[in-house]
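So the chains spell out like this:
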Amino acid sequence: MNQIACSRPRSLLLFSCVAAAMIGMIGVSMAARPPEPAAHFFGLGDLPGGATISYAYGISGSGNVIAGESFSAISQTHGEGVQWKRLSPTSWQMTGIGLPARDALNSPAASASADGEWIVGRVSYTSPTAPLIDTDAYRWRPSTGFELLGVPSGFVVAAALGADKHGHVIVGWGGPNPSYSNLRALAGGAWPRIGRWS
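So, the pattern of salt bridges
Within this structure, the stated rule accounts for two salt bridges. Across the salt bridge formed by E117 and R141, the nearest N and O atoms sit 3.0 Å from each other. Residue E117 is found in the loop between β6 (109-112) and β7 (119-125), and its partner R141 is found in strand β8 (residues 135-141); the two are separated by 24 residues along the sequence. Residue E117 is classed as partly exposed on the basis of its relative accessible area, which comes to 36%. Of the charged contacts, one joins R139 and E147 as a salt bridge, the two residues approaching to 2.8 Å between their closest N and O atoms. One exposure class covers both R139 and E147, and it is buried.

Structural notes on the packing of aromatic side chains
Counted according to the given criterion, the structure contains three aromatic pairs. Each ring, one from Y55 and one from Y57, has its centre 5.9 Å from the other, and the planes form 10°; the classification is stacked. Of the residues examined, Y57 reaches a relative accessible area of 44% and is grouped as partly exposed.

Here is what the cut-offs are and how they apply
Residues numbered from 1 in each chain as written. Predicted model: local features only at pLDDT ≥ 70, side-chain atom pairs only at ≥ 80, totals over all residues. Heavy atoms only, no water. Salt bridge = Lys/Arg side-chain N within 4 Å of Asp/Glu carboxyl O. Helix = DSSP H or I, 4+ residues; strand = E, 2+ residues; numbered from the N terminus. Buried < 20%, exposed > 50% of the residue type's maximum accessible area, 1.4 Å probe, protein only. Phe/Tyr/Trp six-rings, centres within 6.5 Å; stacked < 30°, edge-to-face > 60°.

Laid out in structure tokens, this is it:
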């Protein structure tokens, strides 16, 4: 117990006593806290075929679903979209989401909805879908597969980068050129009314 002796006015002495008591409580509280666990990175793996490369880009609110991409036997230029689901503190289940069409080249996923129900990303195409649509935005979940958002009028490129809690509102970017120049921010919603950017 800290004892404070001084000849200052009572109000100042009272303030000093309260301050000393608070500092003492903070010290006890900090001393009683258990140490934070050490941070660790865990390998998430990659899909078979293609280059041994995978990327994780987004995570759900609970931290149990991760979205990203991995080069695979069916992807070109970029990777196939991947959803990782946590099985244990150190173990993840990896699911390659495939491609939505035969002329699709890749399907990298950029993010997950906060509830982990959906992952969102983009799909790039060769002909015949391209050049009318070079890149299309999507949301995906195991039970329904791909839901394509489409491109705004005058655009040939659209990509999804993020979603709200339940995957009903999607944000991303798009533009009128396949070279990804003159890009603009996009937001779309009113799912499942697909093809609506606002």
